[in-house]
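Structure assessment
Spelled out, the chains give:
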Amino acid sequence: DFVTNASHELRTPISVLLGCVQTLQGPARGDPEAQVEFIDMMEGQATRMARLVDDLLSLSRIELYEHVAPSDNVDLPQIVKEVVSALDQKAQGRGIRIEVNFAEDLPNVPGDKDDIYRALQNLLENALKYGAENSTVTTTIEIAAEDQLGQLPRDLRYVAMSVRDQGDGIAPEHLPRLTERFYRVDDDRSRELGGTGLGLAIVKHMVNRHRGVLLVDSVMGEGSSFTIVLPARIEPSVMRIPGSAADTGR
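Reading the values: rules and limits
Within any chain, residue numbers begin from 1 and follow the written order of that chain's sequence. Totals for whole chains, interfaces and linings use all residues, but because this is a predicted model, local features are given only for residues with pLDDT of at least 70 and pairs of side-chain atoms are given and counted only at 80 or more. For side-chain calculations, the full set of non-hydrogen atoms in the structure is used, while hydrogens and water are omitted. The secondary structure listing takes helices from DSSP runs of H or I that are at least 4 residues long and strands from runs of E that are at least 2 residues long, numbered from the N terminus. Under the scheme applied here, a residue whose accessible area is under 20% of the maximum for its type counts as buried, over 50% as exposed, and between as partly exposed, the area being computed with a 1.4 Å probe on protein chains only. For the purposes of these results, a polar contact is taken to be a pair of N or O atoms within 3.5 Å, where, inside protein, one atom must be able to donate a hydrogen and its partner to accept one; residues adjacent in sequence count only when each atom of the pair is a side-chain atom. For this document, the term salt bridge refers to a Lys or Arg side-chain nitrogen within 4 Å of an Asp or Glu carboxyl oxygen. Fitting a line to C-alpha atoms yields each axis, with helices limited to the stretch in contact; the angle taken between N-to-C directions then spans 0 to 180 degrees. Roughly parallel covers angles under 35 degrees, roughly antiparallel covers those over 145, roughly perpendicular covers 65 to 115, and oblique covers all other angles. Two helices crossing with the near one rotated counterclockwise from the far one by less than a right angle form a left-handed crossing, whereas a clockwise rotation gives a right-handed crossing. In this description, contact between two residues means that some pair of their heavy atoms is separated by no more than 4.5 Å. Throughout, the ten residues Ala, Val, Leu, Ile, Met, Phe, Trp, Tyr, Cys and Pro are labelled nonpolar, Asp, Glu, Lys and Arg are labelled charged, and all others, Gly among them, are labelled polar.

Okay, the side chain of His 210 next. Assignment of secondary structure puts His 210 in the loop between α6 (199-209) and β6 (213-219). In this structure His 210 comes out as buried when scored by relative accessible area, which is 0%. Among the polar contacts made by the side chain of His 210, one reaches the main-chain carbonyl oxygen of Met 206 at a distance of 2.9 Å.

This part takes up the pattern of salt bridges. Summed over all chains, the structure comprises eleven salt bridges. Of the charged contacts in the structure, one is a salt bridge between Arg 118 and Asp 55, with a shortest N-O distance of 2.3 Å. On the criterion of sequence distance, the pair formed by Arg 118 in helix α4 (residues 113-130) and Asp 55 in helix α2 (residues 32-64) is long-range, its members being 63 residues apart. In terms of burial, Arg 118 and Asp 55 fall into one category: buried. With a shortest N-O distance of 3.2 Å, Arg 209 and Asp 112 are connected by a salt bridge.

Below, the discussion takes up the packing of α2 against α6. Axis separation between α2 and α6 bottoms out at 9 Å; the angle between their running directions is 15°. Relative to α6, the element α2 is oriented roughly parallel. Of the two elements, α2 crosses α6, and the hand of that crossing is left-handed. The segment α2 lies against α6, with Asp 55, Ser 58, Leu 59, Ile 62 and Glu 63 engaging Ala 201, Ile 202, His 205 and Met 206. When its residues are assigned to classes, the contact of α2 with α6 shows five nonpolar, two polar and two charged.

Here it is as structure tokens:
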């Protein structure tokens, strides 16, 4: 299924590129205006393919090391500042203000900075794509509350990093499938906005590697909130991924 879906995602931009090349070699060969139009189209489709390949490689890398818990200490507020700075221009283009709230005395968490950066980038990019124009996207880091821990061990301290938008929201029937590869709530809108269908799958696997949990809350007409809960330290008892062969003794 994965190979089929990946091939399908690549087939469309490849077909468009081939069509543009054939047009430039034929009917548009001597038409400067048409050449500009088709070259712009080719650039867009090439960018789409590059983004898809980049996400496939990121997903592959995270899955490869998913059984190895990260050991570096990372500063989550610093990562948030870097991601927000990188996306500031995109936010301004839609008139969206990114608000950042950090609790005091936050501990560092054991993690892979690149993985966490990519996951947060995906969540913020989604918030900017699907949030309403001239609205606010809020990123918050705080000590996780009891009701955010799910099946996580209660003997550890956890940090919750959330991204909330003010968009249309997501219907309840879609929530359980959001992290599936290539699953989209709205195929046409997602592709139009440059989505690959892999962003939340990357977030899910990053969270698994960091022995945390991903929470999704959405209200139709009000917006959505995605929260990554990560342990402030990782003990041997939680080194295994729930449901893995090592965890079940297989």
